[in-house]
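Each chain is listed here by its residues.
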Amino acid sequence: VQQLAALVDGDAFGSLEGATMTRGLVGSTGISPGSFSTDTNRSGGGVLMEKGCHDLSQLCEVFRDADIEVTESDITWRGRLDVAVEATLRVGDPYDVPVDYRISMVEPYETAATFQFERATATCRHPEADDALSVSVPNADRGTSDGFGFQRPAQAARSTEEAMYLRWRDFLSALATDDNNPE
């Protein structure tokens, strides 16, 4: 996510033209019929609340302070739980790009984030803290794409749990500074 944010803010591959973020959860949840995740009285909600909130948080991190709005959406319900969400998001200034977002417990989507720039495409398995970002650059001379990967920065988390810990640690450190302390 840090590397995607750097690419989006930079101009190494031209301006960002759009993004797609998908997450497929078919057969991967291990949720039994009696699980709290399938009980609307005990769970936070369906697939969007349980997993999609993390995806949307990552988009907010990539696009920093830009406004993001939902321009279209389609939700598939099973009782009172959402089991699939398809949405078109619009990221405002300074990016002004569409994001196609899909998450489903019923459709076998590949879990991936794809960012299309003028001169390259960047992809990663977004919910995985240890996944590497790869970039594909079209090679018109050969009619192919040349690809390369980025190494994870040393300060980046190696697991989802470590990412949560580091974020919490940064939050607590910010509270401890005089600039953020209300006293």
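Residues numbered from 1 in each chain as written. Predicted model: local features only at pLDDT ≥ 70, side-chain atom pairs only at ≥ 80, totals over all residues. Heavy atoms only, no water.

1. What to know about the overall build of the protein chain
Definition in use: By the criteria applied, helices consist of DSSP H or I runs no shorter than four residues and strands consist of E runs no shorter than two, each listed in order from the N terminus. For the exposure calls, accessible area comes from a 1.4 Å probe over protein chains only, and a residue counts as buried if that area is under 20% of its type's maximum, exposed if over 50%, partly exposed in between. Pairs of residues are marked as contacts when any of their non-hydrogen atoms sit within 4.5 Å. In these tables, accessible area is a Shrake-Rupley quantity obtained with a 1.4 Å probe, and a residue counts as shielded only by the protein chains included in the view.
Each helix and strand counted, the protein chain has three helices and eight strands in total. Element order for the protein chain, N to C, with α for helix and β for strand: α-β-α-β-β-β-β-β-β-β-α. Within the protein chain, the proportion of its 183 residues that are buried is 32%. Long-range pairs, those at least 24 residues apart, make up 55% of the contacts in the protein chain between residues at least 6 apart in sequence. In the structure as shown, the protein chain presents an accessible area of about 11,400 Å², 49% of it carried by carbon and sulfur atoms.

2. Focus: the packing of aromatic side chains
Between two aromatic rings, the relevant description is the distance of the centres plus the angle of the planes. We count it as follows: Geometry of aromatic contacts follows a simple scheme: Phe, Tyr and Trp rings, the Trp one being its six-membered ring, pair when their centres are within 6.5 Å, and the pair is stacked under 30 degrees between planes, edge-to-face over 60, tilted otherwise. Should the NZ of a Lys or the CZ of an Arg lie within 6 Å of a ring centre and within 35 degrees of the ring normal, that charge is described as sitting over the ring.
Taken as a whole and judged by the stated rule, the model has three aromatic pairs. Relative to F117, the ring of F13 has its centre 6.3 Å away and its plane inclined at 55°; by these criteria the two rings are tilted. Linking F13 in the loop between α1 (2-9) and β1 (16-24) with F117 in strand β5 (residues 112-117), this pair joins segments that are 104 residues apart in sequence. Here F13 and F117 have matching classes, each one buried. An aromatic cluster is built from F63, Y95 and F115, whose rings are joined through pairwise contacts. The ring of Y109 carries R102 above its face, with NZ or CZ at 5.1 Å from the centroid.

3. Quick look at a nonpolar patch on the surface
So the rule is basically this: What makes a patch is a set of residues exposed beyond 30% relative accessible area and free of salt bridges, joined within 9 Å when like-charged and within 5 Å when nonpolar (Val, Leu, Ile, Met, Phe, Trp, Tyr). Here a salt bridge means any side-chain nitrogen of Lys or Arg lying within 4 Å of a carboxyl oxygen belonging to Asp or Glu.
A surface patch of nonpolar side chains, amounting to about 410 Å² of accessible area, comprises W168, F171, L172 and L175. Here F171 shows up in helix α3 (residues 160-176). Judged by its relative accessible area of 42%, F171 is partly exposed.

4. With respect to the side chain of T121
Note the cut-off: What qualifies as a polar contact is a pair of N or O atoms within 3.5 Å, subject to a donor-acceptor requirement within protein and to the restriction that residues adjacent in sequence count only when both atoms come from side chains.
Locating T121 in the fold gives a position in strand β6 (residues 121-124). Within the structure, the side chain of T121 is placed 2.7 Å from the side chain of Q116, a separation counted as a polar contact. Not counting residues within four places of it along the chain, the set of residues in contact with T121 comprises T114, F115, Q116, S134, V135 and S136.

5. Topic: helix α2 (residues 47-62)
As a reminder of what qualifies: Expected helix span is computed as 1.5 Å times (number of residues minus one). The quantity called bend is, for any residue, the angle between two axes fitted respectively to the seven residues ending at it and the seven beginning at it.
The end-to-end C-alpha distance of α2, which contains 16 residues, comes to 22 Å, matching closely the 22 Å that a straight helix rising 1.5 Å per residue would cover. At C53, α2 shows its maximal bend, which comes to roughly 45°. Along α2, the residues classified as buried are V47, G52, D55, Q58, L59 and V62. Along its buried surface, α2 packs onto α1, β1, β2 (68-78), β3 (81-91), β4 (97-104) and β5. After α2 finishes, the residue R64 shows a positive phi value of roughly 50°.

6. A word on the nonpolar core
Quick reminder of the rule: Nine residue types can take part in a nonpolar core, namely buried Ala, Val, Leu, Ile, Met, Phe, Trp, Tyr and Cys, and a core is a set of them joined through side-chain atoms within 4.5 Å.
By size, the foremost hydrophobic cluster in this structure holds 30 residues, and its most contacted members are V8, F63, F115 and F117. Among the elements of the structure, α1, β1, α2, β3, β4, β5 and β6 are those that each provide at least two residues to this core. Once you skip the residues sitting within four places of it in the chain, F117 turns out to touch L7, V8, F13, G14, S15, L16, E17 and A122.

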